[in-house]
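Below are the chains, spelled out letter by letter.
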Amino acid sequence: MSYLSKKMARSIFIAVCISPALLLFILFMVVPTFEVFRMSLYRWGGLSSTQQFVGLDNFQILWNDMQFIQSFQNTILLIVLVAIVTMFFSLVFAAILTREKLIGGNFFRVIFYIPNILSIVVIAGIFSAIYNPENGLLNSIFGIFNLENWQQLWLGNQDIVIYSVAGALVWQAIGYYMVMYMSSMAGIPASYYEAAALEGAGKIKQFTAITLPLIWNNIRTTMAFYIISTINLSFLLVMAMTGGGPNGSTEVFLSYMYDQAYSNSTYGYGMAIGVVVFTFSFLLAAIVSQITKRDVLEY
Amino acid sequence: MKLRYLLFAGLIILLTAGLVACGGAEESGSTAQDDSSADETSGDEEVTLHLAALESAYDDEMWENIIENYEAANENVAIELTSEKNLEEVIRPQMQAGDYPDVFLLATDREEALTETLIKEDGLENISDVLDMTVPGEDVAVKDKMLEGFSDTLATNPYGDGEMYMAPMFYSPSGMFYNAGLLEEKGWEVPTTWDEMWELGDESVEEELSLFTYPIAEYFDTFLGSMFYASGGPDFFNSVMTYEEGIWETAEAERVLQTVEQLADYTHPNTVANANPNDFTRNQQLILDNEALFMPNGTWVVEEMADAPRADDFEWGMTSVPAFEDGQGDRYAFTFFEQMWIPEQAENKEAAKEFIAYMYSDEAADIFLEAGAVQPIEGMTDKLEGQKQEFYSIYEEDVLPAMGTFASTEPVPGANMGDALYGSVDSVVNGNMSVQEWQADIQEVSDKLRPQMK
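The structure contained in this document is the topic of the report that follows.

### Some thoughts on the environment of alanine 190 of chain A
In this fold, alanine 190 of chain A is placed in helix α8 (residues 190–198). Residues alanine 190 of chain A and serine 234 of chain A lie 44 residues apart in sequence; the distance between their C-alpha atoms is 39 Å.

In C-alpha cells:
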C-alpha cells in the first residue's frame, strides 16, 4: 500500500511538473497544426466571417498550379544542394579543426560560427553586396583574374539565381553543423587513429573508416535539421534577397504560401500549401532517417 | 497506468476545446457584424475613433496635427491612432480577432494586400454618401471640392457599380523620370512618341548609356496602365481591367507587350539583377549616375533618393509615357493615389465618414501639404512650389490623366493578375520569356478571373 501511494505521489509530481510545458505545447503547437489542417478545407480570404467548406478542392487546385510546382522544385533543389554542400564542408572543416593542430584553430571555430548568429536579413544584405553585378566581390574577383566570362548577374539570371540563394544558405549553415560534428569527433578516442596510422591508413582512410561511422548517428540527426532549416530559412532569405523573383524563379514553399494566403487573399489555399509542406517535411525526414539507419557503433 | 489515461483524456479535452474555440470564430465574426449594424451616429455621444494609417514618407507629425485639430473642433470625438510602416502585420491579427479600426489610410497594390482582401470579401463600407456631405467647418460638399475623375475609377469603386468604397487621398502623378541636366547637356529632346524614344535609344547606345531601367517589375503597374490608355483609350483600358474575353489578343494589347519587349533591348543590363526588394534603389541610382536615361516612377522618388550621390548638374525631370502614333497619339501619365476607407465591421461608421469628409477641408489639406502629401482637391496644385508644382502640372501640357486598377474578383487560388502581367516583365527583359508566352499566361489568368468578377 505504501509502495502504491509512493508511486502515485511520484506520478502526480511528474504530471504537475510536465503539465505547464504540455499545455503550452498543445496550445501553441498541436492546436494551430490542427487548425491549419481544418482551414485547408475551406475557401476563405482571411478576414471575413464567411468560410465556405470546399473539402479537398484546394488540394486539387494545387495539383495543377504550375507556380506551386515550381516552388516545390526550387525547395527540393535547395534542400538537396544545401544538405550535400553544407555536410561536405562542415565535415571537412570539423575534421581538420579537430584532428589537426592548426595555429589559430580556436579563431577559425569562432569565424566559422559567426554567420550562424547573424540575422538572416543581414546575411541577405551581405550576399546582395557580394552578388552586385557591378562592384560585388564575386564579379570583382573574376575580374582580377581575367575571368570576365565567369562574371554573372547572380541575382538577375533566372538559370542561376536559385544557386546564388543556396550559396548564402550554405555560408550561413556551415559553422553550426561544423560545431555539431566537432563535438562528436572530439569524443572519438585518439588511440583508434593511432592504431589505424600504425596499420598504414592515411588521413582520408581514417576519416572514412573511423570518423564517419562513429559520428553517423550525429549525421543522421543533422539530416532532419537540413530539411527543416532549409525550408524555413530559404523563405526568409528569398523574401529579403530576391522577393521570389525574377519571375518566380526563386519562389519556395513558404514564400508561395505567404503569397497565396495574404497577397492573393486565398487563405484556405495557403493553408493547403502549409499542409503539403508539413507532410512533405515530416515524410522526407522520416524517409531519410530510415534510409540512413545503421547499427550503432559503440566506443 | 491511470495517469496515462488521465493525461490522454486531458489532451483530448484541450484539443477539443481549442478546436471549438477556433471554430467559434465564424460565429463571433457574425456577432461583430450584427453589432455593427446597430451603428451609433457620432451625434453628441462620446466616440473613440480608431484610425489606422500607414506610416509612409510623409512627416510623422502630420497625423498628430490632424488629430489635434479634429478633436478641438469635435469635443465628443477622441482619436486613437495606429501608424506603422508594417501596418498590415500589426492590424491583421486584431481584425481576425474581430477588433476592427474605424477608418484606414491604406492604399491598394501593396504586397500584403489587406485592402484587396477586404474588397474581395465585401468587407468595405459603401461611403458614396461622403461625397454629398458638407466638409466640416466649410459650406461646400466634398464632391464639389474633389478633383474630377477621382471618385469614379475602379481604384475608388472596386465593383464598378457606381458606388464609392474608397476615398481618394494623397495622389502623385507617375511617369518617366530622367536627368534633365544630362539631356540638356547632350542636346537631346525629351521623346514624346515611341519612335522618338527608339531613336534616342540608338543615340544613347553610342554614348554607352542605357535608354531605360526600372526599380522593380511591379512599377510597371502604372507604366503599363498609361500604355494601355495610350494604345486604345479609356474604353480599352477598362476592358483590360475587367478581364474582357480575348482582350489580350487585340492589336492594342499586342503593341503594348511588344513595346516592352523592344524596350528590353535598351534596358540597362544590371536592371533585373537589382530589381528586388533589397536593391531596387541601385536601379534608381543608375539615373542619378547617368548610366540610364529613363525610368518609370512617381514623384516620391525625389524624396526617396534625396541623400543619394548624383552626377554634376543633375536635375530631376518628369515626362509622360510616350504616345504610340506621331502627332495624333495621346500621351498619358498615371495618377497613383492612396485611399481612405471604412471596414464594414467598424463600430463608428458615421463618425468615420465625418472624419473622411474633414480630410477634404482646407485646414486638413494644408496640414497634409506641409508634410508633402497632396490631395485631389481643386486649387491644391496652385499651392505647390518649385519642382513639385512642375510635376503636378504635367496634365497641363497635353498629357492626359490615367487612373484605375483591375476590377475586384472573388479570390482565385493561384491566379494573380499582378504576378502574370507585371511579375513576368523581368523574364521578358532578360530574354527568358517571349511576348507570345507572356501574352498566353496573362490571357489564362484573365480567363480564370473573369467569371469570378464581382
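### A short note on the interface of chain B and chain A
Taken together, the 52 residues of chain B in the interface contact 53 residues of chain A. Around 4,300 Å² of area is buried between chain B and chain A when both sides are counted, 53% of it from carbon and sulfur atoms. Summed over the shared surface of chain B and chain A, the result is zero salt bridges. Viewed at the interface, chain A and chain B are joined by 18 residue pairs in polar contact (both at pLDDT 80 or more).

### Structural notes on unusual backbone geometry
Of note, the bond from glycine 245 of chain A into proline 246 of chain A is cis; its omega dihedral lies within 30 degrees of zero at -5 degrees. Among the structural elements, proline 246 of chain A can be located in the loop between α10 (216–241) and α11 (253–263). In this structure, aspartate 109 of chain B takes a positive phi of about 65 degrees despite not being glycine. For aspartate 109 of chain B, the position within the fold is in the loop between β3 (103–105) and α5 (114–120). Notably, glutamate 208 of chain B is not glycine yet its phi reads approximately 60 degrees, a positive angle. Note on placement: glutamate 208 of chain B falls in the loop between α8 (194–206) and β5 (210–212). Overall, the relative accessible area of 76% leaves glutamate 208 of chain B in the exposed class.

### Points about the side chain of arginine 220 of chain A
The topology assignment puts arginine 220 of chain A in helix α10. There is a polar contact of 2.8 Å between the side chain of arginine 220 of chain A and the side chain of serine 289 of chain A.

### Some remarks on helix α5 (residues 120–130) of chain A
Turning to α5 of chain A, its buried residues number three or more, namely Ile120, Ile123, Ala124, Phe127 and Ser128 of chain A. One side of α5 of chain A holds all its buried residues, which, seen down the axis, span an arc of 135 degrees. Those residues of α5 of chain A that are buried lie in contact with α4 (105–117), α7 (161–186) and α10 of chain A together with α12 (280–288) of chain B.

### Side note on the packing of helix α3 (residues 66–99) of chain A against helix α12 (residues 267–291) of chain A
In helix packing, the relevant descriptors are the interaxial angle and the interaxial distance, both defined with respect to the helix axes. Residue and element names in this part refer to chain A. Their axes nearest at 13 Å, the elements α3 and α12 cross at an angle of 30 degrees. The orientation of α3 relative to α12 falls into the category roughly parallel. In terms of crossing hand, the pair formed by α3 and α12 is right-handed. Contacts from Phe68, Phe72, Ile76 and Ile79 in α3 reach Ile273, Val276, Phe280 and Leu284 in α12.

### Some thoughts on the side chain of threonine 222 of chain A
All names here are of chain A. With respect to the helices, strands and loops of the structure, threonine 222 is situated in helix α10. According to the relative accessible area criterion, threonine 222 is buried, its value standing at 0%. Looking at threonine 222, its side chain comes within polar contact range of the main-chain oxygen of isoleucine 219, at 2.7 Å. Filtering out sequence-adjacent residues up to four positions away, threonine 222 remains in contact with Tyr177, Met180 and Tyr181.

### What to know about the packing of aromatic side chains
The way to describe two aromatic rings as a pair is by their centre distance and the angle between their planes. If you walk through the whole model with that rule in mind, you get 55 aromatic pairs over all chains. An angle of 75 degrees between the planes, with centres 5.2 Å apart, marks the rings of tryptophan 44 of chain A and tyrosine 267 of chain A as edge-to-face. Here tryptophan 44 of chain A is found in the loop between β1 (42–43) and β2 (52–53), whereas its partner tyrosine 267 of chain A is found in helix α12, with 223 residues between them in sequence. Owing to a relative accessible area of 13%, tryptophan 44 of chain A belongs among the buried residues under this scheme. On the accessibility criterion, tyrosine 267 of chain A (13% relative accessible area) is buried. Geometrically, the ring pair formed by phenylalanine 220 of chain B and phenylalanine 223 of chain B is edge-to-face, given 5.3 Å between the ring centres and 85 degrees between the ring planes. Taken as a pair, phenylalanine 220 of chain B and phenylalanine 223 of chain B lie in helix α9 (residues 220–241) at a separation of three residues, close to a single helical turn.

Thresholds applied
- Residues numbered from 1 in each chain as written.
- Chains lettered and ligands numbered in written order.
- Predicted model: local features only at pLDDT ≥ 70, side-chain atom pairs only at ≥ 80, totals over all residues.
- Heavy atoms only, no water.
- Helix = DSSP H or I, 4+ residues; strand = E, 2+ residues; numbered from the N terminus.
- Contact = heavy atoms within 4.5 Å.
- Buried area = accessible area lost by both parts, 1.4 Å probe.
- Salt bridge = Lys/Arg side-chain N within 4 Å of Asp/Glu carboxyl O.
- Polar contact = N/O pair within 3.5 Å; in protein donor to acceptor, adjacent residues only side chain to side chain.
- Buried < 20%, exposed > 50% of the residue type's maximum accessible area, 1.4 Å probe, protein only.
- Arc of directions from axis to C-beta.
- Axes fitted to C-alpha atoms, helices over the stretch in contact; angles between N-to-C directions.
- Parallel < 35°, antiparallel > 145°, perpendicular 65-115°, else oblique.
- Left-handed = near helix turned anticlockwise from the far one by under 90°.
- Phe/Tyr/Trp six-rings, centres within 6.5 Å; stacked < 30°, edge-to-face > 60°.

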